[in-house]
Amino acid sequence: MAATVMAPESVTWRVHIDRTMWVGGVRSLMLQALHPMAMWGVWQNSNFQEDPFGRLQRTADFVGVATFGSREEIETLAARVRQIHRSLRILNHDTGRKEPLDQPEFLLWVHCAEVFSYLETARRAGLPLTDRMADQYLEEQREAAAHVGLHAEDVPATVAETEAYFQDMRPRLRVTDEARETVKFLLWPRMPENLKFLAPGKPAWFPFGALCYYSLPKWARDMYGLLPEVPQPAVTAALRSFRMAMNSIPESVHDLAFMKPTREMLERSRQALAAEGYDLGGGLIGLRDPRRWPSGRTLTPA
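This one's a predicted model, so the numbers in the text were calculated from it and none came from an experiment.

The rules behind the values
Residues numbered from 1 in each chain as written. Predicted model: local features only at pLDDT ≥ 70, side-chain atom pairs only at ≥ 80, totals over all residues. Heavy atoms only, no water. Helix = DSSP H or I, 4+ residues; strand = E, 2+ residues; numbered from the N terminus. Rg over C-alpha atoms; globule rule 2.2 N^0.38 Å. Contact = heavy atoms within 4.5 Å. Axes fitted to C-alpha atoms, helices over the stretch in contact; angles between N-to-C directions. Parallel < 35°, antiparallel > 145°, perpendicular 65-115°, else oblique. Nonpolar A, V, L, I, M, F, W, Y, C, P; charged D, E, K, R; others polar.

### Focus on the overall build of the protein chain
Along the backbone of the protein chain there are 14 helices and two strands. Relative to the globule expectation of 19 Å for 302 residues, the C-alpha radius of gyration of the protein chain, 19 Å, shows essentially globular dimensions. Across its three principal axes, the protein chain shows a C-alpha extent of roughly 60 × 40 × 40 Å. Contacts spanning at least 24 positions in sequence make up 71% of the contacts within the protein chain whose residues lie at least 6 apart.

### Some words on the packing of helix α6 (residues 104-125) against helix α12 (residues 232-247)
Look at α6 against α12: their axes get within 8 Å of each other, and the N-to-C directions meet at 90 degrees. Considered as vectors, α6 and α12 are oriented roughly perpendicular to each other. For the pair α6 and α12, the contacting residues are T121, R124 and A125 in the first and Q232, V235, T236, L239, R240 and R243 in the second. In terms of residue class, the contact of α6 with α12 is built from three nonpolar, three polar and three charged.

### What to know about the side chain of R243
In this fold, R243 is placed in helix α12. Not counting residues within four places of it along the chain, the set of residues in contact with R243 comprises D18, T20, A125, G126, L127, P128 and R288.

Here you go:
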């Protein structure tokens, strides 16, 4: 059995180890917010407004464990997440009724918006992936969907299937007051108490938030209409610059952005992979290089 849920030879590893995940993560929140029930679920059952960074860190923690953690770690975490989802309800403002949060339609929307944001952002920023590798990534992410309670066979497994899914979903999407406030908040967030010391640098956040917003598909930007349009080639160039800058940060420094349990999980992953014969001289991000893999290992999609 592999030391980690997703081996370094998987496409998931190549996408999730890339630092463009930070843009993809915020972009996915903006996209997810367009589904009224998914948005109300977050708004009513979390402290997102007070602690947006905590929400991002918790998402990063789950994605990290589902990629770099052990099978035991993700099974434990996923069971806890499913239990929490089963206990929560959403007040449907259209009907006045409360509904379960863990309905497959809502879970599927959140999953697809998240993983497709990661994939599209990384490819646009310059991560070299063939079309077949992009399809393989979505196929691999069916396992992640199963962790939150979906049936893998019900989840789009190719780029074409995912694009068709978004096309089918568009009539059900709209900009609620909560969605609009969420995107405004992501463009200019309030600093939580534990990050008040960063307040003087808050203006630096806006270019990052705007980059996430402008990386949304045009139909989503048209729905929000919060910022004036800019040339998309400039957005692509900014994404590539962001990726280059972030990927140059030493792994030990970058890991400080994660919560302590995530940092500890990543260290356990390094130790387990080293024991399997992987060369960890370049850290986890260095394992994108096949020359650091044990003899005989190859990239998942031939």
